[in-house]
Amino acid sequence: MQDNKIGTLYVVATPIGNLQDMTMRAVSVLKMVDKIAAEDTRHAAPLLKHFSIDKPTLSLHEFNERERLAIIIDLLEEGESVALISDAGTPLISDPGFHVVREAKARGLPVTPIPGSCALIAALSVAGLPTDRFTFEGFLPPKTEARKNRLTQLLHENRTLIFYEAPHRLLSALQSMAEVFGPERKAVVARELTKIHESVLSDELSGLINYYEAHPHQQKGEIVILVQGIDEEQSESKEVIPEQVLDILLEELPVKQAAALASKITGERKNVLYEMALAKKGK
Ligand code: SAM
């Protein structure tokens with residue numbers, strides 16, 4: 001170690017299921033750094049062994065990131081280089097690392113990406129949905145009411161929507177999407193990408209629901225859901241949308257809350273929506 005030398009933080013993507021997707025640069029950087037910060041050191045061990053990478057590791061996960069941050073920043077400031085890896089794919093993408101990267105950058109420390117696999121990009125590249133503009137929404141809230149509220153906020157979205165989802169919530173997520181976006185909205189379920197049971201299924205939301213209801217064993221594994229954005233033309237017809245939004249929210253929320261949220265989402269006046277909601281509820 002030399003004086004005045006500062007270390008680089010490398011943000012290194014690893015495969016999302018197929019070891020052959022490890023990049024040569026990822027291997028050489030992991031072999032070159034002083035330490036590897038891994039989301040789960042036990043999970044990282046077989047990957048590192050496979051590529052004959054023998055470096056000290058430290059864990060950096062959701063629950064210790066803020067505490068480990070100080071250790072990693074100290075290492076970098078002392079001139080050691082550190083690689084950040086997650087259990088799969090690109091760190092920071094629905095994975096830990098954000099706080100470390102933000103702090104390193106705030107201190108002027110060099111941060112370098114070593115790009116590679118990322119499930120959302122892999123899914124988008126084969127979905128057959130528009131790729132020129134898209135929005136990544138991460139994981140939806142697990143509870144139905146919160147999930148539908150989040151989806152309702154995306155009702156006007158004309159970019160392709162991308163979600164990560166747990167297998168046991170695939171059907172309920174698709175059902176909430178059909179209720180909010182309409183059963184005819186086009187969507188794609190990309191499952192187990194790069195693995196033996198890879199499948200990419202495109203259909204209307206209602207078709208996907210029917211398929212997964214009929215094939216429960218296909219609900220297993222790792223899943224990305226992509227939904228086509230709303231048509232530009234539809235998104236401009238503002239007269240109908242406040243009422244649609246209100247109808248959806250009234251299924252889950254009391255009148256006052258539904259009107260307030262629908263007003264926030266659509267820009268329609270709250271009292272107009274409140275009156276409309278009361279009429280719908282026959283009050
Ligand atoms: N950092 C990862 C990335 O770059 O994609 C994502 C990590 S996040 C904790 C895990 C989620 O990513 C899974 O629940 C699933 O939604 C998605 N995912 C990861 N690997 C996948 C694969 N092979 N096929 C489909 N989806 C995958």
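It should be noted that the structure appears before, not after, this text.
A brief report on the enclosed structure follows. (Residues numbered from 1 in each chain as written. Predicted model: local features only at pLDDT ≥ 70, side-chain atom pairs only at ≥ 80, totals over all residues. Heavy atoms only, no water.)

**With respect to the sheet that holds strand 2 (residues 35-38)**
An order of 3-2-4-1-5 is seen for the five strands of this open sheet, with the pairing classed as parallel. Across the chains shown, the open sheet's two edge strands, defined by having one partner strand only, are strand 3 (57-59) and strand 5 (111-114). Going across the sheet, the axis of each strand differs from the next one's by a mean of 25 degrees, ignoring polarity. Where strand 2 lies against strand 3, three bridges are found, and the strand directions are parallel. Each residue of the ladder has a partner; that of Ala 37, found in strand 3, is Leu 58. Together, strand 1 (9-12), strand 2, strand 3 and strand 4 (82-85) form the strand contacts of helix 3 (residues 65-77), whose direction differs from that of strand 3 by roughly 150 degrees. Lying on the sheet, helix 4 (residues 98-106) is in contact with strand 1, strand 4 and strand 5; it crosses strand 1 at an angle near 145 degrees. (Pairing = 2+ DSSP bridges. Helix = DSSP H or I, 4+ residues; strand = E, 2+ residues; numbered from the N terminus. Axes fitted to C-alpha atoms, helices over the stretch in contact; angles between N-to-C directions. Contact = heavy atoms within 4.5 Å.)

**Looking at the environment of Ser 81**
The topology assignment puts Ser 81 in the loop between helix 3 and strand 4. Between the alpha carbons of Ser 81 and Arg 269 there is a distance of 55 Å; along the sequence they are 188 residues apart. The contact partners of Ser 81, leaving out residues within four places of it in the chain, are Gly 7, Thr 8, Tyr 10, Met 32, Val 33, Asp 34 and Lys 35.

**With respect to the pairing of strand 2**
A regular strand carries its side chains on alternate faces of the sheet. Where strand 2 lies against strand 4, four bridges are found, and the strand directions are parallel. For Ala 38, the partnering residue across the bridge sits in strand 4 and is Ile 85. Running through helix 2 (residues 41-50), the crossover from strand 2 to the neighbouring parallel element strand 3 is right-handed. (Right-handed = clockwise from strand over helix to strand, strands pointing away.)

**A closer look at the site of the ligand**
Every one of the 19 residues lining the ligand counts as a neighbour, but Thr 90, Asp 95, Ala 119, Tyr 164 and Ile 223 are closest to it. Between the ligand and the protein, one listed contact pairs a nitrogen atom with a backbone N or O atom of Ile 93 at 2.9 Å. Between the ligand and Glu 222, the relevant distance is 3.3 Å, taken from a nitrogen atom to a side-chain nitrogen or oxygen of the residue. Taking 570 Å² as the accessible area of the ligand by itself, protein coverage stands at 90%. If you list the elements that add at least two residues to the shell around the ligand, you get strand 7 (160-165) and strand 10 (223-227). Of the residues that constitute the shell around the ligand, the class distribution is 11 nonpolar, three polar and five charged. Per-domain counts for the shell around the ligand show at least three residues from each of domain 1 (9-117) and domain 2 (120-230). (Near = heavy atom within 4 Å. Polar contact = N/O pair within 3.5 Å; in protein donor to acceptor, adjacent residues only side chain to side chain. Areas by Shrake-Rupley, 256 points an atom, 1.4 Å probe, with all protein chains shown as cover. Nonpolar A, V, L, I, M, F, W, Y, C, P; charged D, E, K, R; others polar. Domains from an automatic or database assignment.)

**Concerning unusual backbone geometry**
Although it is not a glycine, Ser 94 sits at a positive phi angle of roughly 50 degrees. Mapped onto the elements of the fold, Ser 94 is located in the loop between strand 4 and helix 4. Even without glycine at this site, Thr 194 takes up a positive phi of about 70 degrees. Structurally, Thr 194 can be placed in the loop between strand 8 (186-191) and strand 9 (199-204). Relative accessible area serves as the criterion here: at 22%, Thr 194 is assigned to the partly exposed category. (Buried < 20%, exposed > 50% of the residue type's maximum accessible area, 1.4 Å probe, protein only.)

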